[in-house]
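Single-letter residue listing:
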Amino acid sequence: MMKILLLSLLCMLLAVPQASAMREVTATSPDGKTQVTQLTDANGRVYYRVSYDGTAAIDRIDAALVLNGGKTLGATQAGMRGAKTARGTAHYNTLTASWGKCKVVFRVYNKGVAYRFETDYPDSITIDNEIADFTFSDDYKAYEAMANSRDKKATDFQHQAMCSFENTYTHDNLSRLNAKHLGMAPMLVELDGGKKMLLGEYNVLDYPGTFVVPTGGNTIKFWFPRVVKKEYQGGHNMLQRVPTEWQPYIAHVAGKRALPWRMMLFSSADADLLTQSITPDLAQKPVGDYSWVKPGKVAWDWWNAWNLKNVNFKTGVNNETYKYYIDFAAKHGIEYVILDEGWAVNKKADLFQVVPAINLPELCAYAKQRGVGLVLWAGYLAFDRDMERACKEYSQMGIKGFKIDFMDRNDQEIMRFLQRAATTTARYHMFCDFHGAPVPNGFVLTYPNVLNFEAVAGLEQVKWSTFDEFDEVRHETLLPFIRQVAGPMDYTQGAMRNATKKNYRPVNSEPMSQGTRCRQLALYVIFDSPFNMLCDAPTAYEANPECTQFIAQVPVTWDERRVLDARVGEYVIEACRKGDTWYIGGITNWDARDVTLNLDFLQGKTMMLYRDGVNSDKSASDYVLERGMIVPATLKLHLAPGGGFAAIVK
């Protein structure tokens with residue numbers, strides 16, 4: 001009997017996977033608050049656990065690469081050479097696990113975790129899929145923006161992935177998010193004790209971007225679009241490549257490279273997300289000289305529908321109209337004027353077929369004389385077809401850059417296009433502003449001539465959306481904590497027609513913003529936008545000289561940014577410095593709010609303050625301008641519903 005028991009025990013021991021004997025390996029951040037632990041489950045599968053400041057944030061991360069032919073790396077202990085930790089820099093420590101010519105590297109920061117795969121194969125490799133599954137320790141609430149797919153009825157993820165990356169945020173438990181539709185990264189998750197975690201990706205180069213997929217439980221999966229096999233010319237004004245068939249893999253890449261970072265940023269206070277310093281550390285550094293790049297503001301035509309008033313010519317896409325924009329920009333020190341869609345013949349996808357009413361050489365000469373740079377809008381397909389020629393000939397003419405639009409995808413082909421466009425324009429000392437594109441995720445740090453990305457439901461939405469379709473005020477109190485963390489965004493603020501919640505309505509030719517006038521001014525401080533548009537018409541700004549004075553002065557890049565107070569979905573108040581001058585901006589949601597600002601670091605200086613007027617809850621354009629104020633140690637302000645304030649301190 002004893003022999004039988006011993007034999008049974010031996011069989012049971014042999015049946016336990018060898019991987020279960022693997023010791024736990026833990027890497028801890030320099031301050032000891034963030035931890036990543038590698039473990040193995042009863043089935044021999046390797047996974048990782050993440051905790052932050054005493055909170056078990058993610059119970060399990062499953063991370064693996066599936067190579068062509070079915071070989072999976074990183075999922076089990078099979079073939080694993082072991083895991084080790086090391087001191088990385090003063091900012092992070094590392095945990096590394098290796099499988100042959102592939103390894104996964106975790107960086108553990110004080111307020112974040114990032115990991116990526118690094119491969120060392122002699123030849124190129126085909127990646128069928130990347131597994132990135134995040135199982136949270138509870139059914140937390142999260143903010144997710146669903147992909148606004150071009151095909152609204154699409155049920156398969158490949159068709160859902162064709163989108164402009166513009167939508168508002170749903171706030172619900174992880175288990176209640178739509179498991180049948182792609183969500184866009186990054187997404188914000190609310191942890192215990194008021195802590196937050198932003199889940200996304202970074203340094204996405206020559207590789208597809210990701211979407212997030214809820215599973216109906218506590219798990220969020222990353223999903224990657226496959227490489228396109230067949231496509232046709234179509235979409236918006238015949239300017240897009242529309243896929244119809246896909247390969248069975250997501251990427252074909254060099255065998256020796258690092259893949260994008262999978263990123264988790266933590267905050268104890270909501271304001272932490274606005275000043276986090278991890279993302280610059282994850283981005284690939286630029287190569288070459290970009291000292292010629294000149295960020296700046298731009299007078300925009302499309303939002304205001306070329307709607308000039310009290311002029312003696314017919315406004316529209318013609319030289320007379322653009323000369324007026326150029327004169328306005330020159331008068332107020334606005335660096336650029338853009339010719340948006342309409343200057344090239346429609347539906348030809350040809351940047352060299354210019355409409356008869358536009359004489360580009362004449363406009364370029366006029367703008368140069370006035371010290372203003374011109375920028376051209378370009379559809380994706382048209383620009384891709386003639387990229388080299390367009391950059392060469394238009395740079396010689398005097399054009400400073402391109403706003404490239406309607407890619408509406410983030411598969412490997414499009415990500416390669418973005419890099420090709422960035423490097424080609426840079427050779428001709430031109431810059432890019434990408435619309436209809438995925439979020440930047442470090443791209444602007446690698447290619448500094450890419451000044452801006454859209455990838456945001458911006459102010460253009462008010463031209464056609466009812467309040468129920470687009471609550472702009474709520475949206476703007478979420479963007480700094482979610483979308484903007486991934487990089488700058490072309491939100492296109494600056495409306496001079498402003499509306500309360502009750503008075504707002506969509507008007508395409510004379511659009512209005514939701515919220516107060518001072519809110520529009522504050523957005524120039526709060527939103528990061530190195531190529532920052534003035535969305536309204538020059539004559540609208542000329543009718544509002546005090547507000548135009550602020551917009552014309554506000555910088556587009558900063559030497560220092562301080563968050564004075566912020567709470568997700570409620571309010572944001574920031575102070576930003578350029579040289580010796582400070583600019584302060586604050587916005588609230590639809591709740592009226594009294595705020596007290598600690599301004600002891602500016603005490604005694606002189607302030608010019610724009611604040612909501614006493615009747616701005618009825619007439620959103622009502623404001624008060626106070627000049628020559630001496631800054632007190634503390635300042636109390638009242639913000640109207642959907643309101644804000646802005647200030648210049650010298």
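Figured I'd write up the structure that's included with this text. The model shown is predicted, which means the values in this text are computed figures rather than measured ones.

### Some words on the overall build of the protein chain
And step 1. Secondary structure summary: the protein chain contains 13 helices and 38 strands in total.
And step 2. A globule of 650 residues ought to have a C-alpha radius of gyration of about 26 Å, and the protein chain, at 26 Å, matches this closely.
And step 3. Taking the principal axes of the C-alpha coordinates as reference, the protein chain spans close to 105 × 60 × 45 Å.
And step 4. Going through the 650 residues of the protein chain one by one, you find that 59% of them count as buried.
And step 5. Counting contacts in the protein chain only where the partners sit at least 6 residues apart, residues at least 24 apart contribute 70% of the total.
And step 6. Carbon together with sulfur atoms contributes 48% to the accessible area of the protein chain, which is approximately 25100 Å² in total.
And step 7. Measuring between centres, the 72 positive side-chain charges of the protein chain sit 3 Å from its 72 negative side-chain charges.

### Quick word on the sheet that holds strand β23 (residues 336–339)
And step 1. Pairing within the open sheet is parallel, and its seven strands lie in the order β27-β26-β25-β24-β23-β22-β30. Of all strands in the sheet, those with a lone pairing partner are β27 (450–453) and β30 (531–534), marking the two edges. In this sheet, neighbouring strand axes are inclined to one another by 25° on average, regardless of whether the strands run parallel or antiparallel.
And step 2. Relative to β27, strand β26 (residues 431–434) is paired through three bridges, and the arrangement is parallel. Bridged to Phe-434 within β27 is Phe-453.
And step 3. Along the sheet, helix α5 (residues 360–370) contacts β23, β24 (373–379) and β25 (399–405); its crossing angle with β24, the most-contacted strand, is approximately 145°.
And step 4. On the sheet, helix α7 (residues 387–397) packs against β24 and β25 and is oriented at approximately 140° with respect to β25.

### A few points about the packing of aromatic side chains
And step 1. Summed over the entire model, instances satisfying the criterion amount to 37 aromatic pairs.
And step 2. Note on Tyr-491 and Phe-527: the rings are 4.9 Å apart at their centroids and 65° apart in plane angle, and the pair reads as edge-to-face. With Tyr-491 in the loop between α10 (472–476) and β28 (498–499) and Phe-527 in the loop between α11 (517–526) and β30, the pair connects residues that are 36 residues apart, well separated along the chain.
And step 3. A residue is classified by how much of its surface remains accessible, and Tyr-491, at 1% relative accessible area, is buried.
And step 4. A relative accessible area of 2% places Phe-527 in the buried class.
And step 5. Just above the ring of Tyr-366 sits the side chain of Lys-323; from NZ or CZ to the centre is 5.3 Å.
And step 6. Directly above the aromatic system of Phe-601 lies the positively charged group of Arg-562, at a separation of 4.3 Å from the ring centroid.

### Here's the deal with the side chain of Arg-262
And step 1. On the secondary structure map, Arg-262 appears in strand β21 (residues 261–267).
And step 2. Polar contacts involving the side chain of Arg-262 include one to the side chain of Glu-130, which spans 2.9 Å.
And step 3. Here Arg-262 is in contact with Val-113, Ala-114, Tyr-115, Glu-130, Phe-134, Gly-200, Glu-201, Tyr-207, Phe-222 and Phe-224, once residues within four sequence places are set aside.

### Quick look at the pairing of strand β14 (residues 196–202)
Consecutive residues of a regular strand have side chains that alternate between opposite faces of the sheet.
And step 1. Of all seven residues in β14, seven are buried, a share of seventy percent or more.
And step 2. Judged by which residues are buried, β14 turns out to be covered on both faces: Lys-196, Leu-198, Gly-200 and Tyr-202 on one side and Met-197, Leu-199 and Glu-201 on the other are all buried.
And step 3. As defined by bridge partners, strand β13 (residues 183–190) adjoins β14 across four bridges and the pair is classed as antiparallel. Paired with Glu-190 across the bridge in β14 is Lys-196.
And step 4. Between the end of β13 and the start of β14, which pair antiparallel, lie five residues, with Gly-193 showing a positive phi angle near 70°.
And step 5. Where β14 lies against β21, seven bridges are found, and the strand directions are antiparallel. Bridged to Gly-200 within β21 is Met-263.

### A word on the sheet that holds strand β33 (residues 581–588)
And step 1. Taken in spatial order, the six strands of this open sheet run β31-β32-β33-β38-β35-β36, and their pairing is antiparallel. Lying at the two open borders of the sheet, with one neighbouring strand each, are β31 (560–567) and β36 (623–630). Put simply, the sheet's adjacent strands are angled 10° from each other on average, direction ignored.
And step 2. With eight bridges connecting them, strand β32 (residues 571–578) and β33 associate as antiparallel partners. The residue of β33 that forms the bridge with Tyr-571 is Thr-588.
And step 3. Taken strand by strand, α11 contacts β31, β32, β33, β35 (606–612), β36 and β38 (644–649), and its axis lies near 125° from that of β33.
And step 4. Across the sheet, helix α13 (residues 545–553) touches β33, β35, β36 and β38, and the angle it forms with β35 is around 120°.

### Some thoughts on the nonpolar core
And step 1. One finds Trp-343, Phe-383, Phe-402, Phe-434 and Phe-550 to be the most contacted residues of the largest nonpolar core, which totals 148 residues.
And step 2. Judged by nonpolar contacts, the second largest core, of 53 residues, contains Val-50, Tyr-115, Met-264 and Phe-266.

### Details of the state of the cysteines
Each disulfide consists of one covalent bond between the sulfur atoms belonging to two cysteines.
And step 1. Applying the stated criterion to the full structure yields zero disulfides.
And step 2. Sulfur of Cys-432: no disulfide; nearest cysteine sulfur belongs to Cys-391 and is 7.2 Å away.

About the cut-offs
- Residues numbered from 1 in each chain as written.
- Predicted model: local features only at pLDDT ≥ 70, side-chain atom pairs only at ≥ 80, totals over all residues.
- Heavy atoms only, no water.
- Helix = DSSP H or I, 4+ residues; strand = E, 2+ residues; numbered from the N terminus.
- Rg over C-alpha atoms; globule rule 2.2 N^0.38 Å.
- Buried < 20%, exposed > 50% of the residue type's maximum accessible area, 1.4 Å probe, protein only.
- Contact = heavy atoms within 4.5 Å.
- Areas by Shrake-Rupley, 256 points an atom, 1.4 Å probe, with all protein chains shown as cover.
- Lys, Arg positive; Asp, Glu negative; His and termini not counted.
- Charge placed at Lys NZ, Arg CZ, Asp CG, Glu CD.
- Pairing = 2+ DSSP bridges.
- Axes fitted to C-alpha atoms, helices over the stretch in contact; angles between N-to-C directions.
- Phe/Tyr/Trp six-rings, centres within 6.5 Å; stacked < 30°, edge-to-face > 60°.
- Lys NZ or Arg CZ within 6 Å of the ring centre and 35° of its normal.
- Polar contact = N/O pair within 3.5 Å; in protein donor to acceptor, adjacent residues only side chain to side chain.
- Core = buried A, V, L, I, M, F, W, Y, C linked by side-chain atoms within 4.5 Å.
- Disulfide = S-S within 2.5 Å.

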